[in-house]
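What follows is each chain in one-letter form.
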Amino acid sequence: MGIRTLSRHGGCQRLTGSGLKWIAVFTMLIDHIGAALLEYWLWINPEVPSALLWHRIDVICRCVGRLSFPLFCFLIVEGFCHTHDLRRYGLRLLLFAVLSEIPYDLAFTHSAFDWEAQNVFFTLFLGLTALYLLRRWQGRLLPQSLSVVICAAAAEFLHIDYGLFGVLLIILLYLLRDKPHWRTVAGCALIFLYEPLGPLRGFAAVAFLLLYLYSGEKGKGNKYFFYLFYPAHLLLLYGVSLLLS
């Protein structure tokens, strides 16, 4: 699709929702290759002569991977705004959160269950829940504020990926969905406040530039592929890590 006019999201009409999903999935895969394979291999082989080179490759993988989460958060907001069945959408996220938990723990901790780390589908589900409650209590500040606090607290208590930061980013993208420039400024500011990303967090800001290319169109693609890819690629990475060890 060529450049035509500015979309309702303030960008040139180039990328559909499916295009953003593919970018998010690809960058996530690169990130997980670094986190689940390279870092594990370096951990079990700390004295290999090429450790420094592999460490640099790992840093590159993690930098590329910073783009994926903001894109997934944006796509959750789009899904919330346009889905015809919010209940089914939420249940689907929760189902794949549960199905992905063992593959997630195996890939990153090599144990079947680790209470200290829950997968990103739980983050997206809690973010969607927060959006539903904000709309449910529209115009009532106290219930809305309590809803945000409860969802953010649940994210921290359950140790989900990105914690309360993930839930807050989804809420921010929703509240500023029609203000692309403010969305970029506020989103980048929130990312730079998220200390666990460390020096790599600047790369996450690049994702907001991609949102200017969003056409506002859904695009073509099998939505279940993206759901199934998450646990499948984690199991594959775990299998490869076993071969490395």
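What counts, and where the lines are drawn
- Residues numbered from 1 in each chain as written.
- Predicted model: local features only at pLDDT ≥ 70, side-chain atom pairs only at ≥ 80, totals over all residues.
- Heavy atoms only, no water.
- Helix = DSSP H or I, 4+ residues; strand = E, 2+ residues; numbered from the N terminus.
- Rg over C-alpha atoms; globule rule 2.2 N^0.38 Å.
- Buried < 20%, exposed > 50% of the residue type's maximum accessible area, 1.4 Å probe, protein only.
- Contact = heavy atoms within 4.5 Å.
- Lys, Arg positive; Asp, Glu negative; His and termini not counted.
- Charge placed at Lys NZ, Arg CZ, Asp CG, Glu CD.
- Phe/Tyr/Trp six-rings, centres within 6.5 Å; stacked < 30°, edge-to-face > 60°.
- Salt bridge = Lys/Arg side-chain N within 4 Å of Asp/Glu carboxyl O.
- Patch = residues over 30% accessible without salt bridge, like charges linked within 9 Å, V, L, I, M, F, W, Y side chains within 5 Å.
- Areas by Shrake-Rupley, 256 points an atom, 1.4 Å probe, with all protein chains shown as cover.
- Disulfide = S-S within 2.5 Å.
- Polar contact = N/O pair within 3.5 Å; in protein donor to acceptor, adjacent residues only side chain to side chain.
- Axes fitted to C-alpha atoms, helices over the stretch in contact; angles between N-to-C directions.
- Left-handed = near helix turned anticlockwise from the far one by under 90°.
- Nonpolar A, V, L, I, M, F, W, Y, C, P; charged D, E, K, R; others polar.

### A look at the overall build of the chain
On a plain count of helices and strands, the chain comes out with eleven helices and zero strands. Tracing the chain from N to C terminus, the helices and strands come up as α-α-α-α-α-α-α-α-α-α-α. Since a compact globule built from 245 residues should have a radius of gyration of about 18 Å, the 18 Å found for the chain is in line with a globular shape. Seen through its principal axes, the chain has C-alpha atoms that stretch 60 × 40 × 35 Å. Across the 245 residues that make up the chain, the buried fraction comes to 51%. Across the chain, contacts joining residues at least 24 apart in sequence account for 72% of those joining residues at least 6 apart. Charge-centre separation for the chain: the mean point of 20 positive side chains lies 16 Å from the mean point of 15 negative side chains.

### Re the packing of aromatic side chains
With the rule as written, the count across this model stands at 18 aromatic pairs. Ring centres 5.3 Å apart and planes at 35° place the aromatic pair tryptophan 22 and phenylalanine 225 in the tilted group. Placement of tryptophan 22 in helix 1 (residues 17-44) and of phenylalanine 225 in helix 11 (residues 223-244) is noted, with a sequence separation of 203 residues between them. With 5.2 Å between their ring centres and 85° between their planes, phenylalanine 74 and tyrosine 214 make a pair best called edge-to-face. Residue phenylalanine 74 is located in helix 3 (residues 68-82), and its partner tyrosine 214 is located in the loop between helix 10 (206-210) and helix 11; the two are separated by 140 residues in the primary sequence.

### A short note on the pattern of salt bridges
For the structure shown, the criterion picks out three salt bridges. Here aspartate 31 ties to arginine 62 by a salt bridge, and the two come within 2.5 Å at their closest N and O atoms. Highlighted residues: aspartate 31 in helix 1 and arginine 62 in helix 2 (residues 51-65), separated in sequence by 31 residues. As a salt-bridge pair, arginine 66 and aspartate 31 come within 2.5 Å of each other at their nearest N and O atoms. Highlighted residues: arginine 66 in the loop between helix 2 and helix 3 and aspartate 31 in helix 1, separated in sequence by 35 residues. An identical accessibility class is assigned to arginine 66 and aspartate 31; each is buried. The network of salt bridges with common partners includes Asp31, Glu39, Arg62 and Arg66.

### Quick look at the environment of tryptophan 22
Here tryptophan 22 falls in the partly exposed class, since its relative accessible area comes to 47%. Measuring from C-alpha to C-alpha, the distance between tryptophan 22 and serine 68 comes to 9.7 Å, with 46 residues separating the pair along the chain. Those residues in contact with tryptophan 22, other than ones at most four positions away along the chain, are Phe225 and Phe226.

### Here's the deal with a nonpolar patch on the surface
Residues Phe113, Trp115 and Phe157 make up a contiguous nonpolar surface patch of about 370 Å² in total accessible area. Residue phenylalanine 157 is classed as exposed on the basis of its relative accessible area of 57%.

### Observations concerning the state of the cysteines
Applying the stated criterion to the full structure yields zero disulfides. Here cysteine 61 is not cross-linked by a disulfide; its sulfur's nearest cysteine counterpart is in cysteine 63, at 9.3 Å. Unpaired in terms of disulfides, cysteine 151 finds its nearest cysteine sulfur in cysteine 73, a separation of 14 Å.

### Digging into the environment of isoleucine 60
Relative to the assigned elements, isoleucine 60 resides in helix 2. You can call isoleucine 60 exposed: its relative accessible area is 53%. The sequence separation of isoleucine 60 and glycine 17 amounts to 43 residues, and the corresponding C-alpha distance is 26 Å.

### Here's the deal with the side chain of threonine 123
The residue threonine 123 is located in helix 5 (residues 120-136) in this model. Residue threonine 123 is classed as buried on the basis of its relative accessible area of 0%. Of note is the side chain of threonine 123, whose polar atom sits 2.6 Å from the backbone oxygen of aspartate 161. Beyond its immediate stretch of four places on either side in the chain, threonine 123 contacts Phe69, Ile160, Asp161, Gly163, Gly166, Val167 and Ile170.

### Brief notes about the packing of helix 6 (residues 141-157) against helix 7 (residues 163-175)
The packing of two helices is summarised by the inter-axis angle and the distance between the axes. Two numbers describe how helix 6 lies on helix 7: the axes approach to 6 Å, and their chain directions differ by 145°. Crossing of helix 6 over helix 7 shows right-handed handedness. Touching Val148, Cys151, Ala152, Ala155 and Glu156 of helix 6 are Gly163, Leu164, Val167, Leu168 and Ile171, all from helix 7. Residues of the contact of helix 6 with helix 7, tallied by class, amount to eight nonpolar, one polar and one charged.

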